[in-house]
Amino acid sequence: MAAVPVRQRCGSVSPRTQLPPCYYEGYLEKRGPKEKASRRLWTCLCGNSLYFFNNAKDIHYVEKLDLGGFVSLKDDSSRDKNLEAARLILRMKDGETKLTAPNLESRELWKGFLYSVTDLNVPSCLTLLPGQLQMLKEVVDKERSRRRSRNPGRAPPSPLSVPLVGEIPPCFRPVSRTEAEVLLERHPDCGNMLLRPGRDGCSLAVTTRQDLNGSVFRHYRVTQRDQGGYVIDVENPIPCATLHEVIDALVERTAGTLQPFLLEEPYEENITYVSANDENGERILHTAPTSPLPKAPALPPKQDRWCSSPLSRSPVSDRRSRTASPVPASPTNPMKRLVLSPSPLSQTLNEELKKTLEKRRTSQE
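Below, the structure is looked at part by part. All figures in this text were calculated on a predicted structure; none of them were measured in a lab.

Before going further, it helps to examine the overall build of the chain. Scanning the chain from terminus to terminus reveals 7 helices and 15 strands. Restricting to contacts in the chain with at least 6 residues of sequence separation, those with at least 24 account for 40%. Split by element, the accessible area of the chain, about 25,600 Å² in all, is 53% carbon and sulfur.

On to the environment of T43, then. With respect to the helices, strands and loops of the structure, T43 is situated in strand β3 (residues 39-46). Classification of T43 by relative accessible area gives buried; the value is 0%. For the pair T43 and L28, spaced 15 residues apart in sequence, the C-alpha separation works out to 6.3 Å. In contact with T43, other than residues within four places in its own chain, are Y24, E25, G26, L28, L50, Y51, F52 and W110. Polar contacts involving the side chain of T43 include one to the main-chain carbonyl oxygen of L41, which spans 3.3 Å.

Below, the discussion takes up helix α3 (residues 177-186). Those residues of α3 not exposed but buried are A180, E181, V182, L183, L184 and E185. Where α3 is buried, its residues meet β6 (70-76), β7 (86-92), β9 (193-197), β10 (204-211) and β11 (215-224).

Here helix α1 (residues 104-119) spans 22 Å end to end across 16 residues, near enough to the 22 Å set by a 1.5 Å rise per residue. Burial analysis of α1 places 13 of its 16 residues in the buried class, the great majority of the element. Between a side-chain oxygen at the N-terminus of α1 and the backbone nitrogen of E105 the separation is 3.3 Å; the capping residue is N103. Positive phi appears at L120, one or two residues downstream of α1, with a value of about 55°.

Take the nonpolar core next. Within the largest apolar cluster, 26 residues are counted, with the highest numbers of intra-cluster contacts made by L45, L50, L67, L73, L90 and F113. Setting aside anything within four residues of it in sequence, one finds L67 in contact with L45, N48, S49, L50, L90, M92, L114, V117 and T118. Residues Y230, I238, V246 and V251 belong to the second largest nonpolar core, which totals 18 residues.

Next up on the list: the pattern of salt bridges. If you walk through the whole model with that rule in mind, you get 11 salt bridges. Between R146 and E143 there is a salt bridge, with the nearest N and O atoms lying 2.7 Å from each other. Of this pair, R146 and E143 both sit in helix α2 (residues 130-150), separated by 3 residues, roughly a single helical turn. One connected set of salt bridges, linked through shared partners, spans K30, E35, R39 and E63.

Our focus in this paragraph is the sheet that holds β11. Taken in spatial order, the 5 strands make up an open sheet running β9-β10-β11-β12-β13, and their pairing is antiparallel. Here the strands that pair on one side only, and so sit at the sheet edges, are β9 and β13 (238-240). For this sheet, the mean inter-axis angle between neighbouring strands, taken without regard to orientation, is 25°. Alignment of β11 against strand β12 (residues 230-232), held across 3 bridges, turns out to be antiparallel. The residue bridging Q224 from the neighbouring strand is Y230, located in β12.

Orientation of α1 relative to α2, taken along the N-to-C sense of each, is 30°, at an axis distance of 9 Å. Viewed along their axes, α1 and α2 adopt a mutual orientation that is roughly parallel. Classified by chirality, the crossing of α2 by α1 is right-handed. Contacts between α1 and α2 pair E105, L109, G112, F113, S116 and V117 from the former with Q132, M135, L136, V139, V140, E143 and R147 from the latter.

Calculation criteria
Residues numbered from 1 in each chain as written. Predicted model: local features only at pLDDT ≥ 70, side-chain atom pairs only at ≥ 80, totals over all residues. Heavy atoms only, no water. Helix = DSSP H or I, 4+ residues; strand = E, 2+ residues; numbered from the N terminus. Contact = heavy atoms within 4.5 Å. Areas by Shrake-Rupley, 256 points an atom, 1.4 Å probe, with all protein chains shown as cover. Buried < 20%, exposed > 50% of the residue type's maximum accessible area, 1.4 Å probe, protein only. Polar contact = N/O pair within 3.5 Å; in protein donor to acceptor, adjacent residues only side chain to side chain. Expected span 1.5 Å × (residues − 1). Core = buried A, V, L, I, M, F, W, Y, C linked by side-chain atoms within 4.5 Å. Salt bridge = Lys/Arg side-chain N within 4 Å of Asp/Glu carboxyl O. Pairing = 2+ DSSP bridges. Axes fitted to C-alpha atoms, helices over the stretch in contact; angles between N-to-C directions. Parallel < 35°, antiparallel > 145°, perpendicular 65-115°, else oblique. Left-handed = near helix turned anticlockwise from the far one by under 90°.

Without other data, these values stay purely geometric and don't point to any function.
This is the structure in structure tokens:
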């Protein structure tokens, strides 16, 4: 039997109806941290917990796994005797649980539902259809409403009632003590120390995580002084002028073992949009093209009708251009010497030509 989204059951009251709302159910093979063999159990995701039954008709669960200590979820690429099976590793604060889904599609759906109830956000890193993403969105809304109704008087986690002095370090996270531990354990490569609001709302706290045969968490109170600045409340208090100095002091006193927690939030790599199909009206998620749209060809520049060109030059201008202006008087210009200072030979020829013309004129008379 394949895993299916759950519809509300009608009928007599049974122990199952006393459980939180069931969002997803189906057969999974489960092997806990202390188990040597896997068991095939009917698994129900109810609220923020997994309930395991021997079969789909049982009304009493045999095991419960609270997802409050959720750390990470990753695929297991090891081979199974069933070639279509898809394995999954569910990592919790107290150990790892190995799950095996019937096929890859079922594994993706289980991952989607698990991420939705633990993070209260629809995951964007899975390959799911638009209808499946819509189901996950409804689950997130239902789980948020369930948690609000369960704790109606609960305030937001650790609000600060005092203004902070100076710039806030990038390792500050508005999370509770438990959420800080889960965040540090889930992302060990991003640092092992974060600053958060204190439980009383009037102070701050630094949460650290180190590995010593398992996770070791420490919490340090940071209070604001009346005269300004902060102090790390340890046996020998450490005064600091700003919150940045609080983080720097912990880094220096641990010889760099503690490093600020800097989590890079994921961003989308492609532009997506939702539009309705013209034929059936179904809304579909589309990916915008990555290549730029072709640009329209540029028009040639408009020429001025009065601008001069080789074809529009008049004969008058040509004649004027051919009439050279007098050569400027310059001792370095050889053309001036050629025109103004003729050679003796040219003078002799000119005189002989004049005499010849005079003789011819006299003979004609």
